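Observations on the three-dimensional arrangement
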Amino acid sequence: MSGLDLVIAGGTVVTAADSYAADIGIRDGRIAQIGEGLTGADRIDASGLLVLPGGIDAHVHLDQPTSDGTVMADGFASGTRSAAAGGNTTVLPFALQIKGQSLRACVEEYHRKAAGNCHTDVSFHLIVTDPTPQVLGQELPALVRDGYTSLKVFMTYDDLVLNDAQLLDVFEVARRERALVMVHAEGHDAIKHLTRRLEDQGRTAPYYHGQAHAQIAEREATHRAISHAQLIDVPIVIVHVSGRDPMEQIQWARARGLKVHAETCPQYIALTAEDLRGLNMDFEGAKYVCSPPPRDADSEAAIWQGLRDGTFDLFSSDHCPFRIEGPGSKDNPRARTSFKWVPNGIPGVETRLPILFSEGVSKGRISLQRFVALTSTNPARLYGLYPQKGSIAIGADADLTLWDPTVTRPICQASLNHGCDYTPYEGMEITGWPVRTLLRGRTIARDGAPTGQPQGGHLARAISETFENG
Ligand code: DUC
Ligand code: ZN
Ligand code: ZN
């Protein structure tokens, strides 16, 4: 008797390094054996399927309050159900500090929101909006020691923005405590200037959001963040990189040996600024309002090159869902007066893996290994979850996604599990879908539908590997 609880038999195992035919034996929620002809108490036939490390979506917004009464369409229950159905086993949502709030109290609040509701494992990044001496001197160091080893800072938004002095202060603490800083790099003043100019011209439709959040403003802020990080000598991640211009700044930094990591997202390969036009400059365009906004075909080509050549370490969803209709939605009286009031964010946690697989692997733009690296292994390594998560190896959690690379069907809102009332990817033909997601050896989704009760928990994370390598 092997003592295995479950064997995933006959599939093709895929990691960031290789692919091979093997059975996977699971005991007590972990991978106990990888080999041929394994037997166990239970068996899943994976013939014809790929067996991937469960997806890790390292950039997800769930149940975040907003300052204007709009309401996020997903809490931890619906957001993680949606994630599981889309082939993910871990998501990293944000704990957003409200100005004036203690960072510790903020984290406790998000634990209350998440407790008992998670269908995948979760682990919070912090968002620091109020870097007071108390936050920088005591709370942040203590939280990093407790396993909250990454944090995000914003270079725009009135209620979130840090000025340059504050950014430098946060970077300094991050260097000392070895916390990984994620930077939302868009220049606040440039966006405000462009917004005012567009409004003065009567250009208030959602389409103009894309012009106000110009790529030049993203490029400038990316370079400024890189320069600050260089001054302090701390690694950073530039998140949700939208196009060629900010990419060039990241490549410039890398060529000088700086530790600048980069993330991009589905909206920058599957949408363009034209989508924000809607039907005829109408409010339909609000469905695509996110920041940074989708760009053009040239940027899309640059992003693909970056996904191939390693400019990007991470491919995350930036799931930030707001409904398009009803109370608290994108469509509210203020948003009808100007794009600047349309909530920034689109749903995507359930469609991230299918879009990258279909557009990337199925169309021959990236290898299977690169797909796994971008969507699971690299996020695990960069955010302190490896080797428990992010690979298929003896001793790792049995977080696995069985994937049918042959199935073709369109994305459609009716079959998604998120709390949003639309998908920006409606009708997009996808070849390659997840058919079963297992979290620590237990099935959490099948054929696009979540199964069973919430079994996920919150993970304390180690210090990022980026601090260890040189
Ligand atoms: N930044 C994000 O990371 N997500 C949604 C909106 C934003 O500005
Ligand atoms: Zn952001
Ligand atoms: Zn985000």
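The numbers attached to residues start from 1 for each chain and follow its sequence in the written order. Chains and ligands are labelled by the order in which they are written, letters from A for the one and numbers from 1 for the other. Selection of residues for local features in this predicted model requires a pLDDT of at least 70, selection of side-chain atom pairs for listing and counting requires 80 or more, and totals for whole chains, interfaces and linings are taken over all residues. Side-chain numbers here rest on the full set of heavy atoms in the structure, without hydrogens or water.

Looking at an unreviewed UniProt entry, one finds the protein named D-hydantoinase, with Paracoccus liaowanqingii as its source organism. UniProt positions are given in the numbering used here, feature names are shortened, and annotations may be inferred rather than shown by experiment. In its Cofactor (unreviewed entry) section, UniProt records this for the protein: "Zn(2+)".

Re the coordination of the zinc ion (ligand 2)
All of the protein donors around the zinc ion (ligand 2) are K152 (NZ), H184 (ND1) and H240 (NE2); their distances to the metal are 2.1 Å. Sites may look incomplete because water is not among the atoms; the donors themselves are N, O and S atoms within 2.8 Å of the metal, or within 3.2 Å for Na, K and Ca. Each donor residue of the zinc ion (ligand 2) belongs to the same chain, with the gaps between them written as K-x31-H-x55-H. Here the zinc ion (ligand 2) and the zinc ion (ligand 3) are spaced 4.1 Å apart. Here the residue H184 occupies a position in strand β11 (residues 180-184), and H240 occupies one in the loop between β12 (236-238) and α8 (244-255), the gap between them amounting to 56 residues. The pair formed by H184 and H240 is uniform in burial state, with each residue classed as buried. Helix and strand definitions here come from DSSP, where helices need a minimum of 4 consecutive H or I residues and strands a minimum of 2 consecutive E residues; each element is numbered from the N-terminal end. Exposed residues in this analysis have more than 50% of their type's maximum accessible area, buried residues have under 20%, and partly exposed residues fall in between, with area computed by a 1.4 Å probe over protein chains only.

Section: the coordination of the zinc ion (ligand 3)
Coordination of the zinc ion (ligand 3) by the protein is provided by H59 (NE2), H61 (NE2) and D318 (OD), with metal-donor distances spanning 1.9 to 2.0 Å. All donors of the zinc ion (ligand 3) belong to a single chain; written as a sequence motif, their spacing is H-x1-H-x256-D.

Concerning the side chain of R295
Its place among the elements puts R295 in the loop between α9 (267-270) and α10 (297-309). R295 gets classed as buried once you look at its relative accessible area, which sits at 10%. Nitrogen and oxygen atoms within 3.5 Å of one another constitute a polar contact, given that in protein one can donate a hydrogen and the other can accept it, and given that sequence-neighbouring residues count only through two side-chain atoms. There is a polar contact of 2.7 Å between the side chain of R295 and the backbone oxygen of H213. Engagement of the side chain of R295 in a polar contact is seen with the backbone oxygen of P293, the distance being 3.5 Å.

Concerning the side chain of T149
With respect to the secondary-structure elements, T149 resides in the loop between α3 (133-145) and β10 (150-154). Here A462 takes part through its backbone oxygen, which lies 3.0 Å from a polar atom of the side chain of T149. We call two residues contacting when some pair of their heavy atoms lies within 4.5 Å. When residues no more than four places from it in sequence are discounted, the contact partners of T149 are V144, R178, A179, L180, Y383, R461, A462 and I463.

Description of the domain arrangement of the protein
Domain segmentation is taken from an automatic or database assignment of domains. The domain boundaries assigned to the protein delineate domain 1 (6-52 + 394-407 + 414-450) and domain 2 (54-370). The C-alpha centroid of domain 2 is placed 28 Å from the C-alpha centroid of domain 1. Residue-level contacts link 39 residues of domain 1 with 44 residues of domain 2. With both sides pooled, the region where domain 1 packs onto domain 2 buries about 3100 Å², and carbon together with sulfur makes up 61% of that total. The working definition used for a salt bridge is a side-chain nitrogen of Lys or Arg within 4 Å of a carboxyl oxygen of Asp or Glu. Applying the counting criterion to the domain 1 and domain 2 interface returns 2 salt bridges. Here R440 ties to D121 by a salt bridge, and the two come within 2.4 Å at their closest N and O atoms. Throughout, the accessible surface (probe 1.4 Å) given up by two parts as they are put together, summed over both, is called the buried area.

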